[in-house]
Amino acid sequence: MDHLVLVDSVRAVPDDGFRKLVMCGRVLLEEETARSFIEMQQAAAGDGIGIRAFSGYRSAAYQKELFIRSVCGYISDGVSRSDAEALTARYLARPGHSEHQTGLACDICRSDSDDADESFSLTKESLWLNDNCFRFGFILRYPRMKEHITGIAYEPWHYRYVGAAHAADIMNNGITLEEYLYYRELTKQLLNN
Ligand SMILES: [Zn+2]
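In this text, all values refer to a predicted model and were calculated from it rather than measured experimentally.

Colleague: Could you clarify how one ought to interpret helix 1 (residues 31-46) in this entry?
Modeller: Since the α-helix advances by 3.6 residues per turn, residues separated by three or four positions end up pointing in the same direction. With 16 residues, helix 1 should cover 22 Å at 1.5 Å per step; its first-to-last C-alpha distance of 23 Å lies within 8% of that length. Every buried residue of helix 1 is accounted for by Thr33, Ala34, Ser36, Phe37, Met40 and Ala44. For helix 1, the arc enclosing every buried residue in end-on projection is 165°, short of the 170-degree limit, so these residues lie on one face. Facing away from the buried side of helix 1 by more than 90 degrees, the exposed set consists of Arg35, Gln42, Ala45 and Gly46.

Colleague: Any chance you could explain a nonpolar patch on the surface here in plain terms?
Modeller: Together, Tyr182, Tyr183, Leu186 and Leu190 make up a nonpolar patch on the protein surface, roughly 440 Å² of accessible area in all. Structurally, Leu186 is set in helix 7 (residues 177-192). Here Leu186 falls in the partly exposed class, since its relative accessible area comes to 36%.

Colleague: What's the story with the coordination of the zinc ion in this structure? I'm lost.
Modeller: Octahedral metal centres with six donors ideally show angles of 90 or 180 degrees, and tetrahedral centres with four donors ideally show 109.5 degrees. In this structure, His100 (NE2), Asp107 (OD), Asp107 (OD) and His158 (ND1) serve as the protein donors to the zinc ion, at separations of 2.0 to 2.8 Å. Around the zinc ion, the four donor atoms sit at angles spanning 51 to 153°, and that spread fits a shape best called irregular. Positions of the donor residues of the zinc ion, expressed as sequence spacing, correspond to H-x6-D-x50-H. Each of the two residues, His100 as well as Asp107, counts as buried.

Colleague: Teacher, can you tell me more about the pattern of salt bridges here?
Modeller: Throughout the structure, instances matching the rule amount to 16 salt bridges. Note that Arg19 is salt-bridged to Glu30, the shortest N-O span being 3.4 Å. With a gap of 11 residues between them, Arg19 in the segment before strand 1 (21-24) and Glu30 in strand 2 (residues 27-30) connect regions that are remote in the sequence. Under the relative-accessibility criterion, Arg19 is labelled partly exposed at 29%. Residue classification places Glu30 among the buried residues on the basis of a relative accessible area of 2%. Glu147 serves as the salt-bridge partner of Arg90, at 3.0 Å between the closest nitrogen and oxygen.

Colleague: Explanation requested: the packing of helix 2 (residues 60-76) against helix 3 (residues 81-91) in the structure shown.
Modeller: Packed helices, taken two at a time, are described by the angle their axes make and the gap between the axes. The contact between helix 2 and helix 3 brings their axes to 8 Å, and the two run at 130°. In terms of their interaxial angle, helix 2 and helix 3 are classed as oblique. Like other packed secondary-structure pairs, helix 2 and helix 3 cross with a definite hand, here right-handed. Touching Phe67, Ser70, Val71, Tyr74 and Ile75 of helix 2 are Arg81, Ala84, Glu85, Leu87, Thr88 and Ala89, all from helix 3. Residues belonging to the contact of helix 2 with helix 3 are distributed by class as follows: seven nonpolar, two polar and two charged.

Definitions and cut-offs
- Residues numbered from 1 in each chain as written.
- Predicted model: local features only at pLDDT ≥ 70, side-chain atom pairs only at ≥ 80, totals over all residues.
- Heavy atoms only, no water.
- Helix = DSSP H or I, 4+ residues; strand = E, 2+ residues; numbered from the N terminus.
- Expected span 1.5 Å × (residues − 1).
- Buried < 20%, exposed > 50% of the residue type's maximum accessible area, 1.4 Å probe, protein only.
- Arc of directions from axis to C-beta.
- Patch = residues over 30% accessible without salt bridge, like charges linked within 9 Å, V, L, I, M, F, W, Y side chains within 5 Å.
- Areas by Shrake-Rupley, 256 points an atom, 1.4 Å probe, with all protein chains shown as cover.
- Salt bridge = Lys/Arg side-chain N within 4 Å of Asp/Glu carboxyl O.
- Donors = N, O, S within 2.8 Å, 3.2 Å for Na, K, Ca; no water.
- Tetrahedral: all angles 85-135°; square planar, octahedral: opposite > 155°, others 65-115°.
- Axes fitted to C-alpha atoms, helices over the stretch in contact; angles between N-to-C directions.
- Parallel < 35°, antiparallel > 145°, perpendicular 65-115°, else oblique.
- Left-handed = near helix turned anticlockwise from the far one by under 90°.
- Contact = heavy atoms within 4.5 Å.
- Nonpolar A, V, L, I, M, F, W, Y, C, P; charged D, E, K, R; others polar.

Below, the structure written as structure tokens:
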């Protein structure tokens, strides 16, 4: 599986050439992603910033369980099934369509916390990640105001490993992985013509 693999509501997680997973703190991540995360965590600590990963690799079965649990939660609040699925899909990818199933994505929070919500964006940890993640090959995968492109609401905690060269291009241009891949493809086609 390529580090630039695109997984979204349309494109499912490919099952070819799956990469090796290793433990990283309390979560599983793809080997290179884990190594880079630890480097990023150490650099952050050097700047007095404590971060940790609270969600990494998820199996297809676990993603399904999370999705069903969320849908059932909405239904028990009186929401219709189709609305419950749509509300859930804003933050949680449907089974088979989560980046977490690739091992290349991790959800990050403050080291003294167990998870994060939108208020994480106001913390110094989040600001540090925004400024520095690309140096370690990570991108903020679901930025603010890009839901129409990514299909997922703003998630200040969700970071995706793509490798340092790609990450610098993406973060410094303020674009999404979708836009980056589109420009790359377009450039390739123009050069071939
Ligand atoms: Zn996530």
